[in-house]
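# Fold and geometry: a report
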Amino acid sequence: MPGTSLQRQRGALMIEILITIAIIIIGLLGLMQVQTQLHKSEVESYQRTQALILLEDMANRIATNRTAAADYVTGTTTGLESPQGAGITCATPATTAPLDERDEAEWCLALQGAAETIGTSSVGALVGGRGCVEPIGTGGVEEYLVTVVWQGLTPIAAPPAGVACGANLYNAPAGSDCADTVDKADFCRRYVTTIVRIADLTDP
């Protein structure tokens, strides 16, 4: 009958419309995931660029003030607050203080992103940035390992054992991608390092 045929056509058309809507929704969800991953990649890239700038900054400061290079040693805790909120307050040396003290204070503020603020919060640099200067010279060679670490967005791999700066300070709360578990401990700590060698310029 003509009526039955028309109803079947309408039913088939409705099914096609529902399938089309489902395909569009799946495609949009996939596109959103791609956009999210691209955003994370952009943030990671931006943070690494900032870390390299901060790393070069301190390396240049040490090289410039080479006679007091040993005074730049910080250990493994200088820098910004950790993700858990254990903040580090930057020193405020007097203008007559030694150059190394002023350099360290300025570097600490740079790690905190003090050049750009929103309200009273510093937002111009890394997430949880920290910087460390450690002596590594042996056999009379004066060398210093300068390290900048920060909070990554996703776990990749833990830094090698020789990179102690900020170790185990970048494990986010339980249940997150960066949670401290047996298989992902410290996997969200990102780092860049460089070695500053102080040459002996005295006459033999």
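Details of the structure are given in the entry above.
Read on for an overview of the structure.

Reading the values: rules and limits
Residues numbered from 1 in each chain as written. Predicted model: local features only at pLDDT ≥ 70, side-chain atom pairs only at ≥ 80, totals over all residues. Heavy atoms only, no water. Helix = DSSP H or I, 4+ residues; strand = E, 2+ residues; numbered from the N terminus. Pairing = 2+ DSSP bridges. Axes fitted to C-alpha atoms, helices over the stretch in contact; angles between N-to-C directions. Contact = heavy atoms within 4.5 Å. Buried < 20%, exposed > 50% of the residue type's maximum accessible area, 1.4 Å probe, protein only. Disulfide = S-S within 2.5 Å.

## Looking at unusual backbone geometry
For Asn168, which is not glycine, the phi torsion reads 60 degrees and is therefore positive. Note that Asn168 resides in the loop between strand 4 (142–151) and strand 5 (189–198).

## Quick notes on the sheet that holds strand 5
Note on sheets: strands pair through backbone hydrogen bonds, and any given pair is parallel or antiparallel. Spatial strand order, 3-4-5: 3 strands in an open sheet with antiparallel pairing. The open sheet terminates on both sides in strands that have one partner only, identified here as strand 3 (130–135) and strand 5. Neighbouring strand axes in the sheet, compared pairwise and without regard to direction, differ in orientation by 20 degrees on average. Across 10 bridges, strand 4 lies against strand 5 in antiparallel orientation. Counted as the bridge partner of Trp150 is Arg190 from strand 5. Across the sheet, helix 2 (residues 99–111) lies against strand 3 and strand 4, angled at about 140 degrees from strand 3, the strand it touches most.

## Quick look at the pairing of strand 3
Extensive coverage of strand 3 is indicated by the burial of 5 of its 6 residues. Hairpin geometry of strand 3 and strand 4 is characterised by an intervening segment of 6 residues between the two adjacent antiparallel strands and by a positive phi of about 65 degrees at Gly139.

## Observations concerning the state of the cysteines
Under the counting rule described, the total for this entry stands at 2 disulfides. The disulfide partner of Cys90 is Cys108, and the gap between their sulfur atoms is 2.0 Å. Judged by the sign of its S-S torsion, about -80 degrees, the bond between Cys90 and Cys108 is left-handed. Taken together, the positions of Cys90 in the loop between helix 1 (2–64) and helix 2 and Cys108 in helix 2 put the pair 18 residues apart, joining distant regions of the chain.

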